[in-house]
Amino acid sequence: MLCYFMTFVMLAKPTRIFCGLQRFGIGFSFSIIYASLLTKTNRISRIFESARRSARRPSFISPKSQLAIASVLISVQVIGTAVWFLLEPPGIRQYSPDGKRNQVILKCSIRDSSFLLSLIYNMLLITICTVYAVKTRKIPENFNESKFIGFTMYTTCIIWLAFCTHLLRNWKFF
């Protein structure tokens, strides 16, 4: 829901509040999704890896510990965004396309490179989750959610790769 809500924040007229919400909300909402998926695939992987070695139950597989692990992963994004706010406070700037003085566009005062850097943690979560999805792709049918997670992560990797390629090709970074 938060990802869908961010669409309206991105389309709103730029103000300091909306620029701050954009910077925080995009990374935060993605980290909630990918931290949860990573926690789930990690849990499934550890359960089946432990079953191969011994009959002992692996640690940190209870629902409370899963919430704690996901919260820690999400808090990394929150701390990174807080540091980013301190280094580059949100604001707005005026932009004249093609040097035309009769047309001015309001934009958030954020460098494209720092926006891409803010998404690197989410890319790391996606990569690790995809590795676990590949590891758990051949588990029994009772755990078929890992197949759905795998499909989700494969398509996510393709979409993010296209997104990053577009950013690197079309945006001015400095």
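Residues numbered from 1 in each chain as written. Predicted model: local features only at pLDDT ≥ 70, side-chain atom pairs only at ≥ 80, totals over all residues. Heavy atoms only, no water.

1. Observations concerning the pattern of salt bridges
Line of reasoning, step 1. One pass over the full model with this rule turns up one salt bridge.
Line of reasoning, step 2. For Lys40, the salt bridge is made with Glu145, and the minimal N-O distance between the two is 3.5 Å. With Lys40 in helix α2 (residues 16-53) and Glu145 in helix α6 (residues 145-170), this residue pair connects regions lying 105 residues apart in the sequence. (Salt bridge = Lys/Arg side-chain N within 4 Å of Asp/Glu carboxyl O. Helix = DSSP H or I, 4+ residues; strand = E, 2+ residues; numbered from the N terminus.)

2. Overview of the UniProt feature "transmembrane region" (unreviewed entry) in the chain
Line of reasoning, step 1. Under the UniProt annotation, "transmembrane region" (unreviewed entry) lies at residues 20-38, 67-87, 115-134 and 146-168.
Line of reasoning, step 2. Across residues 20-38, the secondary structure splits into 100% helix and 0% strand, with the terminal C-alpha atoms separated by 27 Å.
Line of reasoning, step 3. Its end C-alpha atoms 30 Å apart, residues 67-87 is made of 100% helix and 0% strand. (UniProt positions renumbered as here; feature names shortened; annotations may be inferred.)

3. Structural notes on the state of the cysteines
Line of reasoning, step 1. Counting across every chain of the model gives one disulfide.
Line of reasoning, step 2. Disulfide pairing is shown between Cys19 and Cys108; the S-S distance is 2.1 Å. Measuring the twist about the S-S bond at about -90 degrees, one finds the Cys19-Cys108 disulfide to be left-handed. In this pair, Cys19 is assigned in helix α2 and Cys108 in strand β2 (residues 105-108), connecting sequence segments 89 residues apart. As far as burial versus exposure is concerned, Cys19 and Cys108 are alike and both buried.
Line of reasoning, step 3. Cysteine Cys3 is unpaired, with the sulfur of Cys129 as its nearest cysteine sulfur at 15 Å.
Line of reasoning, step 4. Cys3 sits in the partly exposed class, given a relative accessible area of 25%.
Line of reasoning, step 5. Take Cys157: it sits in no disulfide, and the sulfur closest to it among the cysteines is that of Cys129, at 8.7 Å. (Disulfide = S-S within 2.5 Å. Buried < 20%, exposed > 50% of the residue type's maximum accessible area, 1.4 Å probe, protein only.)

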